[in-house]
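Structural overview
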2 protein chains.
Amino acid sequence: MKENPKFVYFFAANEAEGKSEMKDLLGGKGANLAEMCNIGIPVPPGLTISTEVCNYFLKNDNVFPEGLTEEVAAALERIEKLMDKKFGDPINPLLLSVRSGSRYSMPGMMDTVLNLGLNDQITEGLGKLSNNPRFAWDSYRRFVQMYGDVVMGLRPVDHDDIDPFEEIIERLKVQRGVEMDTDLTTEDLKLLVKDFKRAIKTRTGLSFPENPMDQLWGAIEAVFRSWNNERAVKYRRLNFISDQWGTAVNVQGMVYGNMGNDSATGVAFTRDPSTGENQFYGEYLVNAQGEDVVAGIRTPQPINKAGRKNKDDVTFESLMPDIYTQLLQIRETLEEHYRDMQDIEFTIERNKLWMLQTRTGKRTAAAALRIAVEMAESGAISREEAIMRVQPNQLEQILHPNFDPKAEITVIAKGLPASPGASSGRVVFNAKDAEEWASKGEKVILVRVETSPEDIGGMNAAKGILTARGGMTSHAAVVARGMGKCCVAGCNDISVIYSAKQFRAHDVIVKEGDWISLNGSTGEVILGQVPTVEPEITGNFSKLMSWADMVKRLEIRTNADTPKDAQQAREFGAKGIGLCRTEHMFFEHNRIEAVREMIMSEDYIGRQAALTKILPMQIEDFIAIFEAMDGLPVTIRTLDPPLHEFLPNREELLKDILDMKIGLKEAPNLQRIDELLKQIKTKEALLEKVEALFEANPMLGTRGCRLGIIYPELTVMQAKAIFEAACACKRKGITARPEIMIPLVSTSPELEHQKAIVQRVAKEVMDKHVVEIEYSIGTMIELPRAALNARAIAESADFFSFGTNDLTQTTLGLSRDDSDKFLPMYLEQQIFVSNPFEKLDQNGVGKLVDFAVREGRKTKKDLKIGICGEHGGEPSSVEFFHMIGLDYVSCSPFRVPVARLAAAQAALKNKKSSDTSLIMEGTKDIVGTHA
Amino acid sequence: MKENPKFVYFFAANEAEGKSEMKDLLGGKGANLAEMCNIGIPVPPGLTISTEVCNYFLKNDNVFPEGLTEEVAAALERIEKLMDKKFGDPINPLLLSVRSGSRYSMPGMMDTVLNLGLNDQITEGLGKLSNNPRFAWDSYRRFVQMYGDVVMGLRPVDHDDIDPFEEIIERLKVQRGVEMDTDLTTEDLKLLVKDFKRAIKTRTGLSFPENPMDQLWGAIEAVFRSWNNERAVKYRRLNFISDQWGTAVNVQGMVYGNMGNDSATGVAFTRDPSTGENQFYGEYLVNAQGEDVVAGIRTPQPINKAGRKNKDDVTFESLMPDIYTQLLQIRETLEEHYRDMQDIEFTIERNKLWMLQTRTGKRTAAAALRIAVEMAESGAISREEAIMRVQPNQLEQILHPNFDPKAEITVIAKGLPASPGASSGRVVFNAKDAEEWASKGEKVILVRVETSPEDIGGMNAAKGILTARGGMTSHAAVVARGMGKCCVAGCNDISVIYSAKQFRAHDVIVKEGDWISLNGSTGEVILGQVPTVEPEITGNFSKLMSWADMVKRLEIRTNADTPKDAQQAREFGAKGIGLCRTEHMFFEHNRIEAVREMIMSEDYIGRQAALTKILPMQIEDFIAIFEAMDGLPVTIRTLDPPLHEFLPNREELLKDILDMKIGLKEAPNLQRIDELLKQIKTKEALLEKVEALFEANPMLGTRGCRLGIIYPELTVMQAKAIFEAACACKRKGITARPEIMIPLVSTSPELEHQKAIVQRVAKEVMDKHVVEIEYSIGTMIELPRAALNARAIAESADFFSFGTNDLTQTTLGLSRDDSDKFLPMYLEQQIFVSNPFEKLDQNGVGKLVDFAVREGRKTKKDLKIGICGEHGGEPSSVEFFHMIGLDYVSCSPFRVPVARLAAAQAALKNKKSSDTSLIMEGTKDIVGTHA
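Residues numbered from 1 in each chain as written. Chains lettered and ligands numbered in written order. Predicted model: local features only at pLDDT ≥ 70, side-chain atom pairs only at ≥ 80, totals over all residues. Heavy atoms only, no water.

**With respect to the overall build of chain A**
Each helix and strand in chain A was counted, giving 35 helices and 33 strands. For a compact globule of 931 residues, the expected C-alpha radius of gyration is about 30 Å, and chain A comes in at 33 Å, within 12% of that figure. With respect to the three principal axes, the spread of C-alpha positions in chain A is 105 × 75 × 55 Å. Per-residue burial over chain A gives 59% buried out of 931 residues. Of the roughly 37,100 Å² of accessible surface on chain A, a fraction of 49% belongs to carbon and sulfur atoms. Side chains of chain A carry 112 positive and 133 negative charges; the gap between the two charge centres is 2 Å. (Helix = DSSP H or I, 4+ residues; strand = E, 2+ residues; numbered from the N terminus. Rg over C-alpha atoms; globule rule 2.2 N^0.38 Å. Buried < 20%, exposed > 50% of the residue type's maximum accessible area, 1.4 Å probe, protein only. Areas by Shrake-Rupley, 256 points an atom, 1.4 Å probe, with all protein chains shown as cover. Lys, Arg positive; Asp, Glu negative; His and termini not counted. Charge placed at Lys NZ, Arg CZ, Asp CG, Glu CD.)

Written as structure tokens, this is what we have:
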């Protein structure tokens, strides 16, 4: 810690010590509260204890740094003065809220304590002061419950267990014969407080602290400790937030939305977070505390007409028109100041408006796009800022299919369209099941009465989320939108019965494992699976993409094996094919027989005969792809996978043979026997070949250029097909630009061997047709050895393309097919920060890629270099590829827009950074990157 | 080519233009002929055309450089003068030999033409001059045959085909009713010459050149071309000789050992090439040409008493005592001059001794050792030279078992003890079969009437070689000794019948596939397999080893998993264990059950229970190993292989279950049914686990430290066993020095995770026993990512040990288990120069190793670094490890002496070289190294 550090930052309207740039130190909430004060917005005064104190506290066995107590006391005095109340004063008590606030918002992940500063005596005083003893005792009841849960640890760990306080309330309600909490009397509330305190004493052996200052320090400690609670850790992992950042604590004077019908509380977005429409959007509850809205316990009302779902909704606009006008004014001030859509919390205490929070609002992909483009067009932000405003990963969501509107569907219920998208899946009723089923490859829809932060893992695993309760800003809705996951929330039509693992929608019963479909844009819950159709791409999308294209340096290509994919990718803006896997063509029904014939051949002549059958088909394939990519480069990889992949499964063969042998006994006549014997012989030959081709580690076996070296006739056939197709295209006026790529090269002699074949065939075919085709020959760099010898290999290569999938497998010694056995545990324990098959392992694989780029360009200054692994469409990886000077990235068609945007963002982020130093010798060796 | 190059180097006694240092330019033979001339030894005058001419010729479409003709003519004139004969002169003709000679001896690999310069007319003249027309015509006949074979290409490519000339001879012999070539008359020989020429014309369309000068240039061309013939290429590959070196051509005046009974020819070694005894050793034939001795067609006689095998052998010593004395003198001169054992060829033409060749003699390992040590002790060479004289790889041969002398054996035949050693194998009758059978894992003995250069591949593949004809210097004997392969030659007791694939030894018939055993030290051929016993290590061995230890810098450790291996290695000079694989202990009969129980456990408690059973066994294992290695470091690797390796085979399980289900139907009573059902259930559970643990690429799967991270209790158990054992040893007065090695680490968090466990357990155990054990914790660097991040990983590691086996697999993307499918083809086509699993791939894997050493030592200057892959016992790899500064190499016990010697040689070779530069950025990317 620095010398003479400052631990505490005071804030109140027009006199804050912090500002919005101090998020690292004050957390997002604290910095924004200070900033709101700076721009004159009415915020209850308060103080922020910095994240540095959190880190000190957690590293020093939960001890606070010296001097903190004094700073807190001084700031508290300022709050008391401004609010004209006194903390712990039974006559005119100041109550406090204590909330966490980290650098990035982690909604609901950490602990909060409200109404702090009450004890029996003070509550009596508050009752008198407010002239509302019931409010005072209800606040006290809530405070004891919250404090007991959060600070004293009574909240159940497993969230299916019952909260001991809720149990006490339920018991009392039964005794009193009432249904709602609000039906309990002041005396009942007093009884509850007593019972709560007794429960705390029984369970923890500790007494509830009656001294307000003890309460305050207990709460501050609890918030700091909550940084490391299980759900917070899990959330950080899913969101790539560093464990090192810590949380700040915000202590703020309490204001009350539950002081009567002249009080209210609400949350709002300055624009529609679902569509992005420039329309003030929010929900409120009269006579309630803020947590009631977010928790989704009472269904809130819309703040204005535009948000009305039902005729009998009462809008805030109509109920408190003056305050609504004031709120609209603040909305404008905030958007103007923050230059982005804000997510705000407000409370009206006896007709006075207080702003409790503002932060950049989470939004759907469509909303992000629309807001960014509209703000740029209105001049609020620059186009470059607009580019930075949209998360590339979100884009894919817009491009994905929706339900076919012509499909006949059975809508069984309707809820709130909480997060757009369309998905079908099998119903599960808790987060654990969702994770388990999904890990087995099942598509699941998670159905809950309401979700809570403990459900994060299950929500992530599910294809969609359906809740019976909660509004558009409920936990389920906010988190689902952030994840780009379809969600229908607050669906009152359904009743969930956890014990029976089913839900009822009117008279339909849906059981665990049944298929349902959710339309997150309409709120419809549909029985069964629904077919989908392609999305239409909106004007905002193409606008943003064109801006992105203007600033990006990387070229974006696509991985496509079919004309359809190629066409799709071209529509999405791909400037060529970076990887066309010829083997995918081999699998098609009419050619697998010929391929097998080739594999079964004992000699060159047999193989040649089979290849002659395959040749015309491959020519057709390439013509179609060249047509789709007319004028653009098409990188074609020669045959890569081990040959046994083309043969039938060994087990199935064994079973077939056994069945036929049994059939032999039951054969009706000699002819049938002959027939069967012949079939058995064929199958047995196939089996023998399958066994001969068996490999212990096919990933490291006879594949890639090794095939073309053992069977040069294979490369000959493929080269012939490529050049015959290119010549045929030329005659049709179509420009084919083949780039032939030799896979799995580890030394230059391998590349030279294959290159010589391709060059010879190219010349033969072009001479035959008297046509000149522009082409190049390069190699995949997908083995560490190739990267290490890039300088030598570049001598023979016109281009490099990094196969980062295989390079990841070999560099880390990690089979992608098998990694699910331990990778989840590695991620859980943060041994790997992210999955290296999703985000490029920059400190490992990245070192090789960077090295190979530098070495390759030592041989050929202008060597064209790209990447065609899955990482080509992953934003943090795209940024890395931009940084190290690649020419292009290639990714799946739907990722092309993602890559375009990511490339633009990379260019903008790294505008000023000059040449990077060689990262090979770096001392950081973590797998994965934080946000 | 240089300006004004010199192409031709003349030589004759006391007037040679070359010398022995010019081997690169003149080839070994040419340089030695010149050198012999320089020291006054009688050598027929001649000329050498340099290897530069060969390279020029081969690179320029078989065209000679300008000026060569003139130089050859000038030198020829000098030969004519000195020999007082004229090339092409029918009255007094000079005849020439034309021989190849490359930098390294490639015996019999390239072409030779003798008796060159004859045509009908000159032959008549020679007959008159020699007063021996039969000799003249026999020489002519041989010349035409050789020239037809070699220069005009009539030699059959497939060596089972019949030589057209041999066919003609056979036909004539049948016509004449004679058996031996020598029974043919001069007229017959004339007829043969005519028929030979006709055969040449028929087959090639070309006439035999009658002009001697045409003959000469034809022969020179043929020798150059023969550099690239198939067997020469194959030999070079097997012996790591560069294709770039080329051959020289030696043209030398012919002298004749076949001019009558005052003429003879012989080959000799200045010391016994088999035992190394300081005893002149050789063979000769009266009235014969040199090729007759080498080819093994007539069985030659010993030159002196010491070499006598049979009572009726006639020694050269007794037959030509004066010339023998002269020869002894030359022997002394040569050894004194060359300071090494020489392999010489000589010819006596009418009582005049001519030396035709001297070269460093090939020898067995035992001979190499004895000669080196004796020469050093006599002061002829230094101890350092002695160290350099023994090929490390040969040493292993001395250490290998011999036949158990107490075994009852059935000797069915006895031949010459041509190359020592003892081996058993199944009989095959040709090289192709030997290669094929060996590739399937069969041990084979290659049985031939005699071998020829075409058999090299098969000889290499065989465990031993048996020939019916040929002496101690026959092709089979020389090559086998070079290969360190057991060989019994010239075994007249057997008759080989190729067509029936069998041989007869007296009345025993041995068929293809039958087992026989060869004792290469006694010449015995034994029926069946014979048990073997450990060799005794001679005084020379330990002397040389002690000299080696004085100069080497690398420490040599061993890979040993058992006390027996550890003990053996310690006797061979290992200074510790570099790799103790704990999993090998898991496989032992009494513990595999407990290991399976652990794997089958569904939870921690079950695994813990099973591990508790394994713990005491592992403690015993480690105690025994610590005892064997008392005071020396023992590197123990924690569990490495994927768990499924400990489970039964899937197929077998399936079969067992099926059998039991069938058994169910036939069960005699209910009790049996219950029994079977229980067994089936167990097996099915096992099967389920086997299937759950199935991995597509186990090499890249859940193994190494990944196991210890998923199941920390495994590491706990192993650490406990190690420290309990160490403490138990300490009580017995034995010093255990455990070094715990964590395998398959790719990041420092993995190592830290495992290290924390080991440290905690170590402390617990040591505290419990109140004992202090010195230990360290390090890691294997066996993944490219680990090498790339060595600097970070070194923070947590006390030592590194390179696992070059796995590092080779991942760096090259090459599964060792599967590489046999294409690696042979890669080697054949020289895409890889050597097998990277045998010799370290210095340009690929080596770059990573070098980089990791440098990076690791940036973090810890004195980081202890070793290597424990198979390469630790391979000399060229050991040299590499010396160069890059490793502290030790670890290898299998029998390779320990090899590594000690290789380490000493590396230290001597690189005495002067200072720090090497980083090889990572090298531009050479070949897999493999030449000699």
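Still to come is the rest of the account.
**Details of the interface of chain B and chain A**
Listed by partner, the interface residues are 62 residues for chain B and 62 residues for chain A. Of the roughly 5,200 Å² buried at the junction of chain B and chain A (both faces included), carbon and sulfur atoms supply 54%. When the buried area of chain B at its contact with chain A is split by residue, B:L700, B:R785 and B:D925 rank highest and sum to 13% of it. Summed over the shared surface of chain B and chain A, the number is 2 salt bridges. Across the pair B:R785 and A:D841 runs a salt bridge whose closest N-O atoms are separated by 2.6 Å. Here chain B is connected to chain A by 31 residue pairs in polar contact (both at pLDDT 80 or more). Residue contributions to the side of chain B that touches chain A peak at 5 residues, all from helix α33 (residues 845-859) of chain B. (Contact = heavy atoms within 4.5 Å. Buried area = accessible area lost by both parts, 1.4 Å probe. Salt bridge = Lys/Arg side-chain N within 4 Å of Asp/Glu carboxyl O. Polar contact = N/O pair within 3.5 Å; in protein donor to acceptor, adjacent residues only side chain to side chain.)

**Notes on the relation of the copies chain B and chain A**
With an axial shift of 0.1 Å and an RMSD of 0.3 Å, the rotation relating chain B to chain A amounts to 180°. This pairing of chains is accounted for by a two-fold axis. Using C-alpha coordinates, one finds that chain B approaches the rotation axis most closely at B:N697, a distance of 2.2 Å. Of the residues that chain B buries at the interface, 100% are likewise interface residues in chain A, meaning the two copies contact each other through the same surface. (Least-squares fit on C-alpha atoms with pLDDT ≥ 70 in both.)

**Some remarks on the pairing of strand β20 (residues 494-497) of chain B**
Residues and elements named next belong to chain B. With burial as the criterion, only one face of β20 is covered, namely that bearing I494 and V496; the residues S495 and I497 on the opposite face remain uncovered. The pairing of β20 with strand β21 (residues 502-505) spans 4 bridges and is classified as antiparallel. Pairing of I497 across the sheet is with Q502, part of β21. Where β20 folds back onto β21 in an antiparallel hairpin, the turn is made up of 4 residues, including K501, whose phi is positive at roughly 50°. (Pairing = 2+ DSSP bridges.)

**A closer look at the nonpolar core**
Residues A:F626, A:F802, B:I49, B:L216, B:I220, B:F626 and B:F802 are the most contacted members of the largest nonpolar core, which totals 400 residues. Residue contacts for B:L216: discarding those within four places in its chain leaves B:V72, B:L76, B:F87, B:L96, B:V98, B:L116 and B:V251. In terms of nonpolar packing, the next biggest core, distinct from the first, is built from 65 residues, A:Y140, A:F196, A:A219 and A:I220 among them. (Core = buried A, V, L, I, M, F, W, Y, C linked by side-chain atoms within 4.5 Å.)

**Some remarks on the confidence of the model for chain A**
When pLDDT is averaged along chain A, the result is 89, and 94% of the positions lie at 70 or above. Scoring the predicted complex yields pTM 0.78 and, for the interface, ipTM 0.77. (pLDDT = per-residue confidence, 0-100.)

**So, the sheet that holds strand β22 (residues 508-511) of chain B**
Residue and element names in this part refer to chain B. The 3 strands lie next to each other as β20-β21-β22, forming an open sheet whose pairing is antiparallel. Single-partner strands in this sheet number two, and they are β20 and β22. Geometrically, the sheet is characterised by an average inter-axis angle of 20° between neighbouring strands, direction not taken into account. Pairing analysis gives 4 bridges linking β21 to β22, with the strands arranged antiparallel. (Axes fitted to C-alpha atoms, helices over the stretch in contact; angles between N-to-C directions.)

**A closer look at the state of the cysteines**
Counted under the stated rule, the structure contains 0 disulfides over all chains. With no disulfide partner, A:C491 has as its closest neighbouring cysteine sulfur the one in A:C487, 10 Å distant. A relative accessible area of 0% places A:C491 in the buried class. Lacking any disulfide linkage, B:C868 is separated from the closest cysteine sulfur, that of B:C891, by 11 Å. (Disulfide = S-S within 2.5 Å.)

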